[in-house]
Amino acid sequence: GIQVEQSPPDLILQEGANSTLRCNFSDSVNNLQWFHQNPWGQLINLFYIPSGTKQNGRLSATTVATERYSLLYISSSQTTDSGVYFCAVEVSQNFVFGPGTRLSVLP
Amino acid sequence: SQTIHQWPATLVQPVGSPLSLECTVEGTSNPNLYWYRQAAGRGLQLLFYSVGIGQISSEVPQNLSASRPQDRQFILSSKKLLLSDSGFYLCAWSVWGGQEFFGPGTRLTVL
């Protein structure tokens, strides 16, 4: 089956810093989503981005489907950005999740 | 707008006891429904998915089962819980070709 990798596995930032999270996938996919799991476990949709670039406030994402990767950019990070970031790719109506990047933003 | 409900939020059960977790979706018709499990500090594991009433696909062989008695209701069950069943259980929905949305989750501890 399809393999989804995320890097880095862990990231520690000082508040105000910028960061880039990467998601690589091994085969063609129908769709790709980025999620943020907050410390209480809730998974929050960030981007639905099968291709191209989208921006939402301090966050933006780019997916290059032909090269099988997606990037999530976080600018001017805040402590509330802490948590785990997952990418998930859709294959045949199922979503396959990467292992996540655990982000800690220090005040 | 669409809403997804899960209950209970937390559950502590003894080994060997039965389990029933319920998930309901509002505001959409004929959604795809999913059950995931997340072990502490780990990623999400797809357990079951359903594309319609009575249609269940299992991704991982285990002592859990799922049922979809109504279009927007998805139930996760077990006849006898194991210690290894502890985890965070998440229900999700999507429509074909669209985004996936998650419920608040149930934190299950088996003692």
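Everything discussed here concerns the structure shown above.
The following paragraphs examine the structure supplied in this document. (Residues numbered from 1 in each chain as written. Chains lettered and ligands numbered in written order. Predicted model: local features only at pLDDT ≥ 70, side-chain atom pairs only at ≥ 80, totals over all residues. Heavy atoms only, no water.)

Describing the interface of chain A and chain B
- The partner chain B presents 25 residues to the 18 residues of chain A that form the contact.
- Contact with chain B buries area across many residues of chain A, yet Gln93(A), Asn94(A) and Phe95(A) alone supply 32% of it, more than any other trio.
- Where chain A packs against chain B, one counts zero salt bridges.
- Put simply, chain A and chain B have three residue pairs in polar contact (both at pLDDT 80 or more) between them.
- For the side of chain A that touches chain B, the secondary structure elements donating two or more residues are strand 4 (31-37), strand 5 (43-48), strand 9 (83-91) and strand 10 (94-97) of chain A.
- If one sorts the elements of the side of chain A that touches chain B by residue count, strand 4 of chain A sits on top with four residues.
- Grouping the amino acids of the side of chain A that touches chain B by side-chain chemistry returns eight nonpolar, eight polar and two charged. (Contact = heavy atoms within 4.5 Å. Buried area = accessible area lost by both parts, 1.4 Å probe. Salt bridge = Lys/Arg side-chain N within 4 Å of Asp/Glu carboxyl O. Polar contact = N/O pair within 3.5 Å; in protein donor to acceptor, adjacent residues only side chain to side chain. Helix = DSSP H or I, 4+ residues; strand = E, 2+ residues; numbered from the N terminus. Nonpolar A, V, L, I, M, F, W, Y, C, P; charged D, E, K, R; others polar.)

Some words on the side chain of Thr106(B)
All names here are of chain B.
- Within the secondary structure, Thr106 sits in strand 11 (residues 106-110).
- For Thr106, a relative accessible area of 0% gives the class buried.
- Aside from chain neighbours lying at most four places away, what touches Thr106 is Gln6, Trp7, Pro8, Ala9, Leu21, Gly87, Phe88 and Tyr89. (Buried < 20%, exposed > 50% of the residue type's maximum accessible area, 1.4 Å probe, protein only.)

Describing the state of the cysteines
Residues and elements named next belong to chain A.
- Summed over the entire model, instances satisfying the criterion amount to two disulfides over all chains.
- The disulfide that involves Cys23 links it to Cys87, with 2.0 Å between the sulfurs. Residues Cys23 and Cys87 are joined by a disulfide whose S-S torsion is about 70 degrees; by sign, that bridge is right-handed. Residue Cys23 is found in strand 3 (residues 19-25), and its partner Cys87 is found in strand 9; the two are separated by 64 residues along the sequence. (Disulfide = S-S within 2.5 Å.)

Observations concerning the sheet that holds strand 8 (residues 73-78) of chain B
Residue and element names in this part refer to chain B.
- One open sheet accounts for four strands, arranged 1-3-8-7; its pairing is antiparallel. What marks the edges here is a single partner per strand, and that holds for strand 1 (3-7) and strand 7 (64-70). The sheet shows a mean angle of 20 degrees between the axes of neighbouring strands, direction not considered.
- Both strand 1 and strand 3 (residues 19-26) contribute to a ladder of five bridges, which runs antiparallel. From the neighbouring strand, Trp7 faces strand 3, where its bridge partner is Glu22. (Pairing = 2+ DSSP bridges. Axes fitted to C-alpha atoms, helices over the stretch in contact; angles between N-to-C directions.)

Thoughts on the environment of Ser29(B)
Residue and element names in this part refer to chain B.
- Tracing the backbone through its elements, the reader meets Ser29 in the loop between strand 3 and strand 4 (32-38).
- Given the relative accessible area of 56%, Ser29 is considered exposed.
- Taking the C-alpha atoms as reference, Ser29 lies 20 Å from Leu90; in sequence the two are 61 residues apart.

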